[in-house]
Amino acid sequence: MLKTPRSDFWQVGIVPVRIEDANARTLRAARALVTWLPDAGRWRYLADPFGLARGDALHVFVEAFDYRTKRAHIERHEFGLSDLAWRGQATVLERPFHLSYPQVFEHAGQTWMVPESHQAGEIALYRATDASLDRWARECALLSGLPGADASLFEHGGRWWMFYTLVGRHGRDQRELHVAHAPGLTGPWTPLVGNPVRNDRRGARPAGRPFVGRDGVPVLPVQDSTGGYGSATRLLRLPVLTPERVVIEGGDERLTGDLLSDSHTAGLHTLTGCGSFTLVDVKRIDRSRGRQWLDLKRRLRRLLGG
C-alpha cells in the first residue's frame with residue numbers, strides 16, 4: 001500500500017509582543033492575544049509573514065501556497081488596528097515560478113520587497129510602484145546565478161547585510177547560513193569568502209528579518225529543523241559583523257508552535273518584527289490520502305499540457 005503523504009499546513013498570527021522581547025516566556029504569555037489570519041481554504045496555506053504598518057492599518061505580506069499547483073504567490077492582507085478587523089486581501093506578486101518569504105521594508109522613501117525566488121536562480125529586489133502596496137516592479141538582481149532562499153536584509157554599521165541559504169541536495173538549505181554585504185541596497189553585493197558561516201541543522205536558514213536587540217547586538221532569527229522542516233525557531237546573536245569576520249552566539253532557546261497554538265504545534269519557522277507586533281507562522285501536519293489524488297491530477301494536467 002502506498003505510504004500516506006505528509007502535508008504541512010501553516011497558519012499566520014500577529015502577536016502583540018515586540019521582536020526585541022520575543023522569547024518562550026513572552027510568547028506563551030501572549031497566547032490568548034494572538035490574532036490569526038483568516039483560513040486560506042482547502043489545500044492552501046499562508047506562511048512567511050512580513051509586515052508594514054501604515055496609519056491604522058497593518059499590512060501583512062505572506063506566501064500563499066496551493067497544493068493543487070505546488071506553487072505559491074505573494075498576498076497582502078490588511079488588518080485594521082483601530083477596529084481590529086480584517087479588511088481584505090490581494091494578490092500582489094505572481095510569477096511562473098514559486099515565490100515565498102516576502103520580506104518588505106522601507107528605505108530612501110520607497111517600499112521594497114525581496115521575495116524568495118530560488119527557482120529563478122536569483123535573489124531579486126522589487127519596488128512598490130504606488131501607495132496601494134498591490135503593484136510591484138522588479139528593480140534588479142542582488143545576487144544572480146544561485147538558488148538563494150529566504151534572503152534577509154538589514155542595514156547595520158554603515159553597510160547592508162544579507163543572510164541567506166542555498167537550495168541543494170541533502171537538505172543543504174536547512175543547515176547552511178551564507179552572508180553577503182554591500183555599500184548600498186542595490187549593491188554591488190559581495191558574498192563572504194568564508195561562506196557558509198554556519199553549518200548546523202539546529203539553526204542556520206533565516207527565519208525573519210534581522211533586528212538589533214536591546215543590548216545593541218544584531219540578532220538573526222533562524223530555523224531549527226532538527227525535528228523536521230521548520231520545527232522551531234532560534235535567535236542568533238551577531239556581536240561581530242564585518243566583511244572580514246562574523247561571530248555567532250546564542251540560539252539556545254527553541255521557540256515552538258505549541259507556545260502559541262493548540263492546533264498547530266508541529267513547527268514555527270518565521271519570527272519577524274513590525275513595530276509593537278511580532279508576526280509568526282505555526283504548523284500542523286496532515287496525513288490524509290487526499291494529497292495523492294491532488295498530486296495525480298496535477299501530473300495528468302502537466303502531461304496533457306493543461
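Computed from a predicted structure; not experimentally measured.

Enquirer: Any chance you could explain the overall build of the chain here in plain terms?
Expert: Per the secondary structure count, the chain includes two helices and 21 strands. By principal-axis analysis of the C-alpha atoms, the chain measures approximately 55 × 45 × 40 Å. With 306 residues in all, the chain has 54% of them scored as buried. Across the chain, the fraction of contacts at a sequence separation of at least 24, relative to all contacts at a separation of at least 6, is 50%. On the chain, roughly 13,300 Å² of surface is accessible, and the fraction owed to carbon and sulfur atoms is 48%.

Enquirer: Mind showing me how you'd approach the side chain of Ser261 here?
Expert: Inspection of the secondary structure assignment puts Ser261 in the loop between strand E19 (246-250) and strand E20 (267-274). According to the relative accessible area criterion, Ser261 is buried, its value standing at 6%. Among the polar contacts listed, one links the side chain of Ser261 to the backbone nitrogen of His264, at a separation of 2.9 Å. Those residues in contact with Ser261, other than ones at most four positions away along the chain, are Arg31, Trp36 and Val282.

Enquirer: What exactly am I supposed to notice about the pattern of salt bridges here?
Expert: Side chains that differ in charge, positive against negative, can pair when their charged atoms come close. Within this structure, the stated rule accounts for 27 salt bridges. Residue Arg237 pairs with Asp215 through a salt bridge whose shortest N-O separation is 2.7 Å. Residue Arg237 is found in strand E18 (residues 232-241), and its partner Asp215 is found in the loop between strand E16 (211-212) and strand E17 (218-224); the two are separated by 22 residues along the sequence. A salt bridge links Asp224 to Arg234, with the shortest nitrogen-to-oxygen separation between them at 2.8 Å. Remark: Arg234 occurs in strand E18 and Asp224 occurs in strand E17; sequence separation between them is 10 residues. Residues Asp224 and Arg234 agree in their burial class; the two are buried. What you see here is one network of salt bridges that share partners, running through Asp56, Arg76, Glu78, Asp83, Arg87 and Asp134.

Enquirer: Can you help me understand the sheet that holds strand E9 (residues 122-128) in this one?
Expert: Hydrogen bonds between backbone groups are what pair the strands of a sheet, and the pairing can be parallel or antiparallel. Pairing is antiparallel in the open sheet, where four strands are placed in the order E7-E8-E9-E10. One side of each edge strand has no neighbouring strand; the edge strands of this open sheet are strand E7 (100-107) and strand E10 (136-144). The average angle at which neighbouring strand axes cross in this sheet is 25 degrees, direction not considered. In the sheet, E9 pairs with E10 via seven bridges, with the strands oriented antiparallel. Bridging from a neighbouring strand, Ala124 pairs with Ala141 of E10.

Enquirer: Would you take a moment to explain the environment of Ala141 for this structure?
Expert: With respect to the helices and strands, the residue Ala141 is situated in strand E10. Distance in space between the C-alpha atoms of Ala141 and Lys283 is 31 Å, their sequence separation being 142 residues. Residues within four places of Ala141 in sequence aside, it is in contact with Glu122, Ile123 and Ala124.

Enquirer: I'm lost on the nonpolar core in this one. Help?
Expert: As a rule of thumb, soluble globular proteins bury nonpolar side chains together. Leu153, Met162 and Trp189 are the most contacted members of the largest nonpolar core, which totals 19 residues. When contributions to this core are tallied by element, the ones reaching two or more residues are strand E8 (110-116), E9, E10, strand E11 (148-156), strand E12 (159-166) and strand E13 (176-182). Ranked by residue count, the leading element in this core is E12, at four residues. When sequence neighbours within four positions are dropped, the list of residues in contact with Trp189 reads Leu142, Leu143, Leu153, Trp160, Trp161, Met162, Ala180, His181, Ala182 and Gly184.

Enquirer: How should the sheet that holds strand E6 (residues 85-93) be read in this particular structure?
Expert: Pairing in this open sheet of four strands is antiparallel, and the strands run E3-E4-E5-E6 from one edge to the other. Pairing within the sheet leaves two strands with one partner each, and these edge strands are strand E3 (44-54) and E6. Strand-to-strand, the axes of this sheet are offset by a mean angle of 25 degrees, without reference to chain direction. With 10 bridges joining them, strand E4 (residues 57-66) and strand E5 (residues 71-80) adopt antiparallel strand pairing. From the neighbouring strand, Ala57 faces E5, where its bridge partner is Gly80.

Enquirer: What should I look at first to understand a nonpolar patch on the surface in this one?
Expert: Taken together, Trp293, Leu296, Leu300, Leu303 and Leu304 make up a surface patch of nonpolar side chains, about 610 Å² in accessible area. Positionally, Leu303 belongs in helix H2 (residues 290-303). For Leu303, a relative accessible area of 73% puts it in the exposed group.

Reading guide: rules and limits
Residues numbered from 1 in each chain as written. Predicted model: local features only at pLDDT ≥ 70, side-chain atom pairs only at ≥ 80, totals over all residues. Heavy atoms only, no water. Helix = DSSP H or I, 4+ residues; strand = E, 2+ residues; numbered from the N terminus. Buried < 20%, exposed > 50% of the residue type's maximum accessible area, 1.4 Å probe, protein only. Contact = heavy atoms within 4.5 Å. Areas by Shrake-Rupley, 256 points an atom, 1.4 Å probe, with all protein chains shown as cover. Polar contact = N/O pair within 3.5 Å; in protein donor to acceptor, adjacent residues only side chain to side chain. Salt bridge = Lys/Arg side-chain N within 4 Å of Asp/Glu carboxyl O. Pairing = 2+ DSSP bridges. Axes fitted to C-alpha atoms, helices over the stretch in contact; angles between N-to-C directions. Core = buried A, V, L, I, M, F, W, Y, C linked by side-chain atoms within 4.5 Å. Patch = residues over 30% accessible without salt bridge, like charges linked within 9 Å, V, L, I, M, F, W, Y side chains within 5 Å.

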